[in-house]
Amino acid sequence: MKKVKATAFAVLAMVAAGSVGMAASPALAGATFDAVKARGILQCGVNTALGGFSAPDSKGEWQGIDVDVCRAVAAAMFGDASKVRFSPLTSQARLTALQSGEIDMLSRNTTLTLQRDAAIGLNPTGVTFYDGQGFLVPKKLNVKSAKELGGATVCVQSGSTTELNLADYFRAQKMEFKPVVFEKLEELVAAFFAGRCDVYTSDASQLASGRALQAPNPDDYVILPEIISKEPLGPFVRHGDDQWHDVVRWSLFAMIEAEEYGITSKNVDEMLKSNDPNVKRILGVTPGMGKALGLDDKWAYNIIKLVGNYGESYERNVGSGSKLNLPRGYNAQWSKGGLLYAWPIR
Amino acid sequence: MTNAPEITGETDIAPPVSSTGIVAWMRERLFSSPLNIIMTVLCGLLVIATLPPFIEWALIKAVWISPTADACRAARGGACWAFIAEKHRLILFGLYPYDEQWRPLLAALVNIALIVASCMRRFWNIRLLYIWGIGLVLISWLMWGGVLGLSYVENTKWGGLPLTLILATFGVGFAFPFGIVLALGRRSNMPAIKTLCIMYIELIRGVPLISLLFMSSVMLPLFFPEGFSIDKLLRAQIAIIMFAAAYIAEVVRGGLQAIPKGQYEAADALGLSYWKKTGLIILPQALKIVIPPMVSLFIAMFKDTSLVVIIGIFDLMNATKASLTDTAWKGFAVESYIFVSIIYFVFCFSMSKYSQQLEARLATGHKR
């Protein structure tokens, strides 16, 4: 208790200094796993609204790839993907919400970094989406590479690491640039397509969605090949409950692994008859995996049946099944040239 | 008898300038001085320059009905009201379960009825307290449910207009008596009470609402032992009440100070106790004086509730923002902001109009 208070004061001081990100760990005792089990509902922190990742649809239902990860964990825990209470969180509040125990896990397009892993008492559990900062330019500028952008005016959103990465990149390349800073993303995108600046920089997924949905003519714009930052986005849990950490990590891996072995929400029942020992282990036909996690052996079956595999979630939310139409890119399976490489379920 | 003045052609006077009708109105209001003429012409030009394109955008080229965004994107240069048609329930009711949204609708109507009843003079007695009690129970039952046949909806799913109204109404409703007590306390002769009130008011006024909300949602949970948490919405509501109370206190203090000393002395001379003096003589006059700043404050508080965006509560404004991120309907920010501005405007303008009427009705001597 004393420690919690001391921590709280430390956090208070940190906030006063304008930085939540440096606070020490609250190290809350008590097993999150047991708490979630007893409560019968998962409390999952998501973005207040980021299309494709977590946003309410016209009926107020949460949709998105981050949201699907929450649902997958609920499916693994309870065999019911709807047992989730979503907490929409702003970027300032997200980490403290997890630290304070207000939520059980955070799945809110949060970049995995050393600071977040080590210094503030949180644990990343895997990568849901590999993103990175890029540049969008009009084709008529005839620019083929970011290295030719010297002297350009650049539209950028304020208060994000994007701004910092941009400055770092141009300094490293010894180029000048004129930043045009916007608070709101909508304004920024509108300004860029109105010709206010030469370049629009943001995470590649944002660039692609902006070009697909808001450009007067998407073919007039091109995303340059350079990606200047690494933004692996994934779910986080609190320090102090390794079993819970494992459940969240392996729920995500189960989605990825299911895609690798071709198990989808549609064919999962047929797959129960499969002779592939890997598939048998994943689906709990060969028992043991779920038990090791403290779950039902049907845990992965439930995830795949109720939420779908990673590929299904990707296509539905950000890929070809959505208006964003993002290519798989880094987010393809390792066997297809991407970075998705789930640890084996065995 | 005096001679009638001789009427000659030279003394003919021109007929008086017409003082009624549209020409006179224009002459008086729009072209009364060179500066006014210039302003009128400039404003006229501005209207001519902006109005036709706006009408063309908002009405002529607009897409009214369309199941998908494609028709809107095809009709370039026109507003996409189909977006509002698609998203109005998300904007108005946030994340409330779709099939149950008649409940927040009813709750909002009850809430508005409460406000209207509070505005009527014939309810200005003890009955108003009962009405509020009943209204509160009714709104809670509709929003939460869980008894009498309604399914339970936890308040993390509340949103949109009903939530904005709840935050604003109960924010101001509870802050008002609290603020009056603070104002009286600040003018008290008892040093301890006076110091406490001054400290509270200055502390709260010294920080922006956003930081209060932020503290309530981000910092407060860290002080509690694990497993114990006060509901996020309640925390926000309390922060709004605390904030509004400090400002109301200062507005009321302005009124208290404007009452001539003779009124206090007269009340004392009649042998009235402190509470009778305050309740019967001082406060009724003081509150009447402060109607204009008080209403400004209420309007400001109504709009300030949108700051709960910062802690991820889906009030009217945040629900609007959320509606903009749907990838299938991206890029219609202007339409949705116009829609939500109209809602805010209707409420704020009604409040302002009502306060003008109230002032006129209560004007009994102090008016200058």
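Residues numbered from 1 in each chain as written. Chains lettered and ligands numbered in written order. Predicted model: local features only at pLDDT ≥ 70, side-chain atom pairs only at ≥ 80, totals over all residues. Heavy atoms only, no water.

## Overview of the overall build of chain B
Just so we agree on the cut-off: Put simply, DSSP H or I for four residues or longer makes a helix, DSSP E for two residues or longer makes a strand, and each gets a number counted from the N terminus. What the globule rule says is 2.2 Å times the number of residues to the power 0.38, and the radius of gyration is computed from C-alpha atoms. To sort residues, take the accessible area from a 1.4 Å probe on protein chains only and compare it with the maximum for the residue type: under 20% means buried, over 50% means exposed, and anything in between is partly exposed. Contacts are assigned to residue pairs with any non-hydrogen atoms lying within 4.5 Å of each other. For the area figures, the Shrake-Rupley method with a 1.4 Å probe applies, and any residue is considered shielded solely by the protein chains shown.
Helix and strand content of chain B: 15 helices and zero strands. The globule rule puts the C-alpha radius of gyration for 368 residues at 21 Å, and the 28 Å found for chain B is more than 25% above it. The principal-axis extents of the C-alpha atoms in chain B amount to approximately 100 × 80 × 40 Å. Buried residues in chain B amount to 42% of all 368 residues. Counting only contacts in chain B whose residues sit at least 6 apart along the sequence, the fraction spanning at least 24 positions is 69%. Accessible area of chain B: about 20300 Å², with a carbon and sulfur share of 71%.

## Considerations on the layout of surface pockets
Residues and elements named next belong to chain B. Selection rule: Definitions used for this entry: grid spacing 1 Å over protein atoms alone; cavity, a set of points where a 1.4 Å probe fits but cannot get out; pocket, an open set with protein on both sides within 12 Å along at least 5 of 7 lines; lining residue, one with an atom within 4 Å of a point. Grid points are joined across faces, edges and corners, and a volume is the space filled by probe spheres set on the points. For every domain, the bounds stem from an assignment made automatically or drawn from a database.
Of the voids in this model, the second largest pocket is the one considered here, and its volume is about 1800 Å³. Taken together, 40 residues line the second largest pocket, and the ones lying closest to its centre are Ser 118, Cys 119, Leu 128, Phe 176 and Phe 298. Listed by contribution, the elements that provide at least two residues to the lining of the second largest pocket are α5 (102–119), α6 (126–144), α7 (160–186), α12 (274–289), α13 (291–304) and α15 (333–362). With 11 residues, α7 is the largest single contributor of residues to the lining of the second largest pocket. No fewer than three residues from each of domain 1 (88–93 + 163–362) and domain 2 (97–152) sit in the lining of the second largest pocket.

## Here's the deal with the sheet that holds strand β11 (residues 199–203) of chain A
Residues and elements named next belong to chain A. Rules: One bridge is not enough; two strands pair if DSSP finds at least two bridges between them. The axes used here are C-alpha line fits, helices contributing only the stretch in contact, and every angle between their N-to-C directions lies in the interval 0 to 180 degrees.
Ordered in space as β10-β9-β11-β8-β12, the five strands form an open sheet in which the pairing is mixed. Taken across any chain shown, the strands that pair with only one partner, and hence form the sheet edges, are β10 (177–182) and β12 (221–223). Strand-to-strand, the axes of this sheet are offset by a mean angle of 30°, without reference to chain direction. Relative to β11, strand β9 (residues 152–157) runs parallel, the two being bridged by two bridges. By the bridge assignment for β11, Cys 155 is matched with Tyr 200. Strand contacts of helix α8 (residues 204–214): β8 (133–138), β11 and β12, with the helix running at about 125° to β11, the strand carrying the most contacts.

## A closer look at the domain arrangement of chain A
Residues and elements named next belong to chain A. What counts is decided by this rule: Each of two parts loses accessible area, computed with a 1.4 Å probe, when they are put together; buried area is these two losses added. A pair is scored as a salt bridge if a Lys or Arg side-chain nitrogen falls within 4 Å of a carboxyl oxygen belonging to Asp or Glu. Gly is put with the polar residues, along with every residue not named as nonpolar or charged; the nonpolar set is Ala, Val, Leu, Ile, Met, Phe, Trp, Tyr, Cys and Pro, and the charged set is Asp, Glu, Lys and Arg.
Under the domain assignment, chain A is made up of domain 1 (24–130 + 232–336) and domain 2 (133–229). Taking only C-alpha atoms, the centre of domain 1 and the centre of domain 2 are 31 Å apart. Contact residues are listed per partner, giving six residues for domain 1 and six residues for domain 2. Approximately 480 Å² of surface area, both sides summed, lies buried where domain 1 meets domain 2, with 77% of it carried by carbon and sulfur atoms. Looking only at domain 1, the three residues that lose the most surface to domain 2 are Lys 323, Leu 324 and Leu 326, adding up to 63% of its buried area. Across the contact surface, domain 1 and domain 2 share zero salt bridges. Here the residues of the side of domain 1 that touches domain 2 sort into five nonpolar, no polar and one charged.

## Considering the packing of aromatic side chains
This is how the line gets drawn: Aromatic pairing here means that ring centres of Phe, Tyr or Trp (its six-membered ring) are within 6.5 Å. Orientation follows from the plane angle: under 30 degrees is stacked, over 60 is edge-to-face, and everything else is tilted.
Using the criterion set out here, one finds 33 aromatic pairs over all chains in the structure. Residues Phe129(A) and Tyr314(A) carry aromatic rings whose centres are separated by 6.0 Å and whose planes lie at 10° to one another, so their mutual orientation is stacked. In this pair, Phe129(A) sits in strand β7 (residues 129–131) while Tyr314(A) sits in helix α14 (residues 310–317), placing the two residues 185 residues apart along the sequence. The class of Phe129(A) is buried, set by a relative accessible area of 3%. By relative accessible area, Tyr314(A) is classed as buried at 0%. Ring geometry for Phe345(B) versus Phe349(B): centroids 5.2 Å apart, planes at 15°, classification stacked. Of this pair, Phe345(B) and Phe349(B) both sit in helix α15, four residues apart, roughly one helical turn. Judged by relative accessible area, which is 51%, Phe345(B) ranks as exposed.

## Digging into the state of the cysteines
To be explicit about the condition: Cysteine sulfurs are considered disulfide-paired once they come within 2.5 Å of each other.
Inspection of the entire model under this criterion finds three disulfides over all chains. In this model, Cys155(A) is linked to Cys197(A) through a disulfide, with the two sulfur atoms separated by 1.6 Å. Residues Cys155(A) and Cys197(A) are joined through a disulfide that is left-handed, its torsion about the S-S bond being -55°. Residue Cys155(A) is located in strand β9, and its partner Cys197(A) is located in the loop between α7 (185–193) and β11; the two are separated by 42 residues in the primary sequence. Taking relative accessible area as the criterion, Cys155(A) reaches 0% and is therefore assigned buried. Classification of Cys197(A) by relative accessible area gives buried; the value is 4%. In this model Cys72(B) forms its disulfide with Cys80(B); the gap between the sulfur atoms is 2.0 Å. One quick way to see it: the torsion about the S-S bond of Cys72(B) and Cys80(B) is about 65°, and its sign makes the bridge right-handed. Owing to a relative accessible area of 5%, Cys72(B) belongs among the buried residues under this scheme. For Cys80(B), a relative accessible area of 0% puts it in the buried group. What connects to what in chain A, once the bonded cysteines are numbered by sequence position, is 1-2, 3-4.

## Brief notes about helix α9 (residues 209–223) of chain B
Stated formally: Take the residue count of a helix, subtract one, and multiply by 1.5 Å to get its expected span. For a residue, the bend is simply the angle between two axes, fitted respectively to the seven-residue segment ending there and the seven-residue segment starting there.
Taking 1.5 Å of rise per residue, 15 residues should cover 21 Å, and α9(B) covers 20 Å from first to last C-alpha, within 8% of that figure. Residue Ser216(B) marks the point of greatest curvature in α9(B), where the axis turns by about 35°.

## Overview of the domain arrangement of chain B
All names here are of chain B. The cut-off we apply is this: Contacts described as polar in this section are N or O atom pairs within 3.5 Å, which, within protein, must combine one atom able to donate a hydrogen with one able to accept it, while residues neighboring in sequence count only if both atoms come from side chains.
Under the domain assignment, chain B is made up of domain 1 (88–93 + 163–362) and domain 2 (97–152). The interface is formed by 11 residues belonging to domain 1 together with 15 residues belonging to domain 2. At the boundary of domain 1 with domain 2, total buried surface from both sides reaches about 1300 Å², with 73% on carbon and sulfur atoms. Broken down residue by residue, the surface that domain 1 buries against domain 2 is led by Arg 89, Phe 93 and Phe 170, which jointly contribute 40%. Here domain 1 and domain 2 share zero salt bridges between them. The tally of links between domain 1 and domain 2 comes to four residue pairs in polar contact (both at pLDDT 80 or more). Within the residue set of the side of domain 1 that touches domain 2, elements represented by two or more residues are α4 (81–93), α7 and α15. In terms of residue count, α15 provides more of the side of domain 1 that touches domain 2 than any other element does, five residues in total. Here the residues of the side of domain 1 that touches domain 2 sort into eight nonpolar, one polar and two charged.

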